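Here's the letter readout for the chains.
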Amino acid sequence: MTDDLDLDELAADLADFAPQDKKGGPSLREERIIAGFEEIQRFVETHGRAPAHGESNDIFERLYAVRLDRLRGLEECRSLLAPLDTHGLLAGATMPVPEPVESIDDDELLAELEGMGAPDITELRHVRTAADKRAAEEIANRTPCKDFDQFKPLFVQVKKDLDAGIRQTRRFQTMAEIKQGEFFIVGGQIAYVAESGKEFVTEYDRRDSRLRVIYDNGTESDVLLRSLQRALHRDEAGRRITDPTAGPLFSGESEDGDLASGTIYVLRTKSNDPSFAQHRDVLHKIGVTGGDVAKRIANANLDPTFLLADVEVAATYRLSNINRTKLENLIHRIFDPARLEIQIKDRFGNPVIPREWFLVPLFVVDEAVDRIKDGTITNYAYDPKKARLVLR
């Protein structure tokens, strides 16, 4: 295998299958050489420069650059094309190639061109550069993540956040979005950038860095930042997962069945059941309603979600321009570690699992609401052992 794509040798290999040359005119091989040179000239007229090597350039320019190098190196070609060389390309004096010749092997380029069936190189579509291919290979080259237990809770939480609308997915845009601690969807998997190495400059004067990326299927890969960037751009389903934020809760936009204002209510049970009564001071039902709280609790003693007992209002917080559903999901997610796990039977003997009761002191709920208002709640989690909000 040669280091560079030899168009002349390729044409020679096909010569046996070509129709006979017309007498008195250029041979089929000479016609191919002239046609190839004319394509290079059209490139020069369009771009004002000779085609250059470099994997950052598209496949057409790279192929033109290789072709020009071969034409310059063959005396037969120089003699044939000299009368047509209006730009001085064969001498390389007026249109110097800015970068050194790169090594492009036959298999790589032929694989990119294979099966396209185009009579003209410029009719090719959707061909991948060598850099794109290497990026895909890096993403696909994964190994088992030995410390996945450390990252598994992060993926569990992200999926909950997506289901609750606390996080959203957005079409990937720029390299600047790829940072340590960010989540993406690539190749059908949720990917977490766990580590970002020191930035360096490539031979083409481009910034890059090495990343440790963990995937939700328990694998990981050691990839370049630009490789992940290319993979996200080429993946039709590639997405960036947004950070959790309280912003959308106060968007001022209503959804079906939602209002632009509402009330967070905190209720305390009056049940005499010992399993509830002994925790009365810290056992609270937390919810969000767009209606009147008093009406909401009017028949609490008949409702299993209220533990079939009357309740008292411990606190209410009036908010405007909120998305009630998302707000309630956010509050329940924060206090999920302290959720009361219990099953009771309704008046008809059917089992019911109340989901809005939490073993949380009222002062912690106060703090949580304040942090929801100022948008800092996403930096905190509830620690049931310490009975307070702690930084994540």
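Refer to the structure presented above.
Residues numbered from 1 in each chain as written. Predicted model: local features only at pLDDT ≥ 70, side-chain atom pairs only at ≥ 80, totals over all residues. Heavy atoms only, no water.

(A) Broad picture of the overall build of the protein. When helices and strands are tallied, the protein shows 12 helices and 17 strands. For the protein, the share of sequence-separated contacts (at least 6 apart) that also reach a separation of at least 24 residues comes to 64%. Carbon and sulfur atoms provide 48% of the accessible area of the protein, an area that totals close to 21300 Å². (Helix = DSSP H or I, 4+ residues; strand = E, 2+ residues; numbered from the N terminus. Contact = heavy atoms within 4.5 Å. Areas by Shrake-Rupley, 256 points an atom, 1.4 Å probe, with all protein chains shown as cover.)

(B) View of the layout of surface pockets. Estimates place the volume of the second largest pocket at around 330 Å³. Forming the boundary of the second largest pocket are 15 residues, of which Leu154, Gln157, Arg167, Phe183 and Arg392 lie nearest the centre. Looking at the lining of the second largest pocket element by element, the count peaks at five residues for helix H7 (residues 148-164). Looking at the lining of the second largest pocket residue by residue, the classes come out as six nonpolar, four polar and five charged. (1 Å grid on protein atoms, 1.4 Å probe; cavity = no way out; pocket = protein on both sides within 12 Å on 5 of 7 lines; lining within 4 Å. Points joined across faces, edges and corners; volume = space filled by probe spheres on them. Nonpolar A, V, L, I, M, F, W, Y, C, P; charged D, E, K, R; others polar.)

(C) Summary view of the sheet that holds strand E3 (residues 183-186). Spatial strand order, E1-E8-E7-E4-E3-E9-E2: seven strands in an open sheet with antiparallel pairing. The sheet is open, and its two borders are formed by strand E1 (143-144) and strand E2 (169-171), each paired with just one other strand. Here strand E7 (residues 210-215) pairs with strand E8 (residues 219-224) via five bridges, running antiparallel. Across the sheet, the residue bridging to Leu211 is Val223, located in E8. (Pairing = 2+ DSSP bridges.)

(D) Unusual backbone geometry, seen in detail. In the Ramachandran plot, Leu307 falls in the positive-phi region, its phi being about 65° despite a non-glycine side chain. Within the secondary structure, Leu307 is located in the loop between helix H10 (293-296) and strand E12 (311-320). We classify Leu307 as buried; its relative accessible area is 5%. Its identity is not glycine, yet Ala387 carries a phi of approximately 55°, on the positive side. Here Ala387 is to be found in the loop between strand E16 (380-383) and strand E17 (388-391). The class for Ala387 is partly exposed, based on a relative accessible area of 26%. (Buried < 20%, exposed > 50% of the residue type's maximum accessible area, 1.4 Å probe, protein only.)

(E) Geometry of the pairing of strand E4 (residues 189-196). Across four bridges, E3 lies against E4 in antiparallel orientation. Counterpart to Val186 in the pairing with E4 is Gln189. Taking the residues between adjacent antiparallel strands as the criterion, E3 and E4 are bridged by two residues, where Gly187 takes a positive phi near 60°. When E4 meets E7, the two strands line up antiparallel, connected through five bridges. Counterpart to Ala191 in the pairing with E7 is Tyr215.

(F) Quick look at helix H3 (residues 59-73). In a regular helix each residue adds 1.5 Å, so 15 residues correspond to 21 Å; H3 covers 21 Å between its end C-alpha atoms and thus fits that length. Counting buried residues in H3 gives 12 out of 15 residues, a clear majority hidden from the surface. (Expected span 1.5 Å × (residues − 1).)

(G) Spatial organisation of helix H12 (residues 362-374). A rise of 1.5 Å per residue sets the reference length of H12, with its 13 residues, at 18 Å; its end C-alpha atoms lie 19 Å apart and thus fit the reference within 8%. Taken together, the buried positions of H12 are Val364, Val365, Ala368, Val369 and Ile372. Looking straight down H12, one finds that the buried residues subtend no more than 140° of arc, so they occupy a single side. (Arc of directions from axis to C-beta.)

(H) Geometry of the side chain of Gln229. Within the secondary structure layout, Gln229 lies in helix H8 (residues 225-234). Each residue touching Gln229, except ones within four places of it in the same chain, is listed here: Phe172, Met175 and Ile178.

(I) Highlighting the pairing of E7. Among the six residues in E7, five count as buried, and that is most of the element. Taking the residues between adjacent antiparallel strands as the criterion, E7 and E8 are bridged by three residues, where Gly218 takes a positive phi near 85°.

(J) Quick peek at the packing of helix H2 (residues 28-47) against H3. Direction vectors running N to C along H2 and H3 enclose 125°, while the axes themselves pass 10 Å from each other. Compared by their axis directions, H2 and H3 come out oblique. H3 is crossed by H2, and the crossing has left-handed handedness. Contacts from Ile33, Gly36, Phe37, Glu39, Ile40 and Phe43 of H2 reach H3 at Glu61, Tyr64, Arg67, Leu68 and Leu71. Class assignment for the residues of the contact of H2 with H3 results in seven nonpolar, one polar and three charged. (Axes fitted to C-alpha atoms, helices over the stretch in contact; angles between N-to-C directions. Parallel < 35°, antiparallel > 145°, perpendicular 65-115°, else oblique. Left-handed = near helix turned anticlockwise from the far one by under 90°.)

(K) Layout of the environment of Ser271. As for its placement among the helices and strands, Ser271 is situated in the loop between strand E10 (261-269) and helix H9 (274-277). Classification of Ser271 as buried rests on a relative accessible area of 8%. As a C-alpha pair, Ser271 and Val311 span 40 residues in sequence and 7.9 Å in three-dimensional space. Once residues lying within four places of it in the same chain are set aside, the contact partners of Ser271 are Phe276, Ala277, Arg280, Ala309 and Asp310. At 3.1 Å, the side chain of Ser271 forms a polar contact with the backbone nitrogen of Asp273. (Polar contact = N/O pair within 3.5 Å; in protein donor to acceptor, adjacent residues only side chain to side chain.)

Take it as geometry only, folks, not as evidence of what the structure does.
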